[in-house]
Structure formats: C-alpha cells, structure tokens
Amino acid sequence: MRAAPCLSLPILLALAGSVDAAPPIPADFVVEVPQDARVPAGAWFQEGGAPLQLSVLLGGPPVVLALAAYRCPNLCGVTLDGAFAALADTGLRGGAAYRVAVVGLDPADRDADTAPVRAAAATRGLDPAAVHTLTGGDPAAVARAVGFPYRWDETLGQFVHPAGLFVLTPDGRVSRWIGGAGFEPRDLRLALVEAGEGRVGTLTDRLLLLCAHYDPVRGRYDGLVVGALRWAGGGAALLLAAGVGGALLRERRRRA
C-alpha cells in the first residue's frame, strides 16, 4: 500500500491562518504500508505520567492512529484538529466504535505537552476516555511498522513527515491509511466500519463498502462509487414505494 504526501499542505495551512508556514515535505516522503503491517503491541509509552503498553488500546474497537509531534508549530495541530472534527461528524461514538491513539514522534515530549491535543479533542466533542495521548517510548518502532517516514530537520527545528491517519483493526493490523490534513467524515466512517470487521456501523455502511473503492495513493474512498450506490438505493426505494402504492390503488378499485 503506497500513499503520497499531501502536496497541498501549504494551501491548507494558509487557510487555517493560525499556524506558521508549513515546512517543505520531501518528494520521496511517501507512506508505504508493508504487507500485513501491524503495530508493535508490546511497545511501552507514557500516558498521564503512567506507563502504558500499546496492547492495552487493542482488542476492542478499531483504533485511529496518528503519529505527531506535540510541540509542532503547524502541521500536526492542523491534522489532529481535522481528524477530531471529522470523527465527531462520522456519527460513530468514541469508545464504542473507535479509540484514538496519538503517538508523539519526539521522545522528549512529556504529558504536559499533550494538553492542547486533549483540549482540541474535547472542543470537538469527543469522549476524553476514547482519546489517548502517548509520549516517550519508542515512536520510531511504531513508525517503521506502519511505513510512516519522518525525520528531524535541524534547519527548520522541527520534524518533517507526511500528514494523515492510520486506521487499525482490533488486533493492531493496519487496515487503511487516510492521507492529508483535512478529512472527510465519510472516509473515516467507512474506514472504521471496514476495520471493525462487522462490529462497527450499520448494515447500510456495510452495503456501501461492497461498492466503495479505496484509493491507496490518495488514501481516500472513491466518492463517485459511493454516491452512485446511494442514488441506486434511493431509486430502489422510490420504485418500491411506487409498486406498493400501485398495488393499494388496484386493490381499492377491485373492491369498488
């Protein structure tokens, strides 16, 4: 699975208006998810000043994984806020349908540095218990496992990396990569339904997935296919209603 970095990030960040100029992303910085990629469940981090093993977050609903630098002056904050906003609009409930795991790229980050991220999630209405901000540990091991490239740039004084999210199955396998700094709620909902393996979403969601096409280069679901299925479903409903109405009319005429 290969996905390109978001080339329009400077435009997105300029529109955001509250961040510094985006650092240039190297052209070869692409997310290449290895076959059957799985996060290292045995990796240890810190959360709230206490040790936490990554395996604790697995085994329940799908996990939305973000690799970010908590003290990043621009890209990471925009990406995380976009993710929280989209998750809030999916119609799925955090904790029951998904968990969020933010892994800090800088091992020097501490719990106090995660406060803005937790505040952003709360502002978007996410359940605080479903959002986990991890620090310390070995973020490089997680990044290698999922094919996420990043490096510290001495000139810029910050980390350079692609923008996006991983959606993990309950056993920690990478199901989908959703690229970019802004996210469509539909893409995240479909990715969570797919990663949930029948335990997340509705029957309608699962029917949509039968015809939805995932583009690994853009990290997006094909909206045209999904839209066509919705139109087809609406047309079928209209035809069914017309058939029922016609049958009732014929029955009334027969009785008359």
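These figures come from a predicted structure and were not determined experimentally. (Residues numbered from 1 in each chain as written. Predicted model: local features only at pLDDT ≥ 70, side-chain atom pairs only at ≥ 80, totals over all residues. Heavy atoms only, no water.)

**Some remarks on the overall build of the chain**
- Secondary structure summary: the chain contains seven helices and 13 strands in total.
- Considering the chain as a whole, with its 256 residues, one finds that 46% of them fall into the buried category.
- In the chain, 71% of the contacts between residues at least 6 apart in sequence involve partners at least 24 apart.
- Split by element, the accessible area of the chain, about 12,500 Å² in all, is 58% carbon and sulfur. (Helix = DSSP H or I, 4+ residues; strand = E, 2+ residues; numbered from the N terminus. Buried < 20%, exposed > 50% of the residue type's maximum accessible area, 1.4 Å probe, protein only. Contact = heavy atoms within 4.5 Å. Areas by Shrake-Rupley, 256 points an atom, 1.4 Å probe, with all protein chains shown as cover.)

**Thoughts on the confidence of the model for the chain**
- Averaged over the chain, the pLDDT score is 81; the fraction of residues at 70 or greater is 74%.
- Segment residues 224-229 is flagged for pLDDT under 50; beyond a separation of four residues in sequence, or across chains, it makes ten contacts in the model. (pLDDT = per-residue confidence, 0-100.)

**Let's talk about the packing of helix 2 (residues 75-88) against helix 5 (residues 185-195)**
- Close contact between helix 2 and helix 5 brings their axes to 8 Å; oriented N to C, the two are set at 75°. The angle between helix 2 and helix 5 falls in the class roughly perpendicular. Mapping the contact onto sequence places A83, A86 and L87 in helix 2 and P185, L188 and L192 in helix 5.
- Tallied by class, residues from the contact of helix 2 with helix 5 come to six nonpolar, no polar and no charged. (Axes fitted to C-alpha atoms, helices over the stretch in contact; angles between N-to-C directions. Parallel < 35°, antiparallel > 145°, perpendicular 65-115°, else oblique. Nonpolar A, V, L, I, M, F, W, Y, C, P; charged D, E, K, R; others polar.)

**Describing the pairing of strand 5 (residues 63-68)**
- Of all six residues making up strand 5, six are buried, and the element is well covered by its neighbours.
- Here strand 5 shows no split at all, with V63, L65 and L67 on one side and V64, A66 and A68 on the other all buried.
- In terms of strand pairing, strand 5 meets strand 6 (residues 99-104) through six bridges, oriented parallel. By the bridge assignment for strand 6, L67 is matched with V103. (Pairing = 2+ DSSP bridges.)

**Things to note about the side chain of T169**
- With respect to the helices and strands, the residue T169 is situated in the loop between strand 10 (164-168) and strand 11 (174-179).
- Excluding residues within four positions of it along the chain, T169 makes contact with S175, A195 and E197.

**Things to note about unusual backbone geometry**
- Positive phi, close to 55°, is recorded for D36, a residue that is not glycine.
- Note that D36 resides in the loop between strand 2 (31-32) and strand 3 (44-47).

**Observations regarding the packing of aromatic side chains**
- Within this structure, the stated rule accounts for five aromatic pairs.
- With a centroid separation of 6.2 Å and 75° between ring planes, the pair formed by F148 and F166 is classed as edge-to-face. Linking F148 in the loop between helix 4 (139-146) and strand 8 (151-153) with F166 in strand 10, this pair joins segments that are 18 residues apart in sequence.
- Residue classification places F166 among the buried residues on the basis of a relative accessible area of 1%.
- Taken together, F148, F166 and W177 form an aromatic cluster joined through their ring pairs. (Phe/Tyr/Trp six-rings, centres within 6.5 Å; stacked < 30°, edge-to-face > 60°.)

**Comments concerning the sheet that holds strand 6**
- Taken in spatial order, the five strands line up as 7-6-5-10-11 in an open sheet, and their pairing is mixed. Lying at the two open borders of the sheet, with one neighbouring strand each, are strand 7 (131-134) and strand 11. Sheet twist, expressed as the mean angle between neighbouring strand axes with direction ignored, is 20°.
- Where strand 5 meets strand 10, three bridges bridge the pair, whose relative direction is antiparallel. Bridged to V63 within strand 10 is L168.
- Packed onto the sheet, helix 4 meets strand 5, strand 6, strand 10 and strand 11 and runs at close to 120° relative to strand 5.
- Lying on the sheet, helix 5 is in contact with strand 5, strand 10 and strand 11; it crosses strand 11 at an angle near 170°.

**A few points about the nonpolar core**
- L65, L67, F148 and F166 are the most contacted members of the largest nonpolar core, which totals 68 residues.
- Counting residues per element, this core draws most heavily on helix 2, at eight residues. (Core = buried A, V, L, I, M, F, W, Y, C linked by side-chain atoms within 4.5 Å.)

**Concerning helix 2**
- With 14 residues, helix 2 extends 20 Å from end C-alpha to end C-alpha; this agrees with the ideal 20 Å at 1.5 Å per step.
- Along helix 2, the positions that sit buried rather than exposed are L75, C76, V78, T79, L80, G82, A83, F84, A85, A86 and L87. (Expected span 1.5 Å × (residues − 1).)

**Looking at helix 5**
- Counting buried residues along helix 5, eight of its eleven residues qualify, which places the element largely inside the surrounding structure.
- Where helix 5 is concerned, the buried positions are D187, L188, R189, L190, A191, L192, V193 and A195.
- After helix 5 finishes, the residue E197 shows a positive phi value of roughly 55°.

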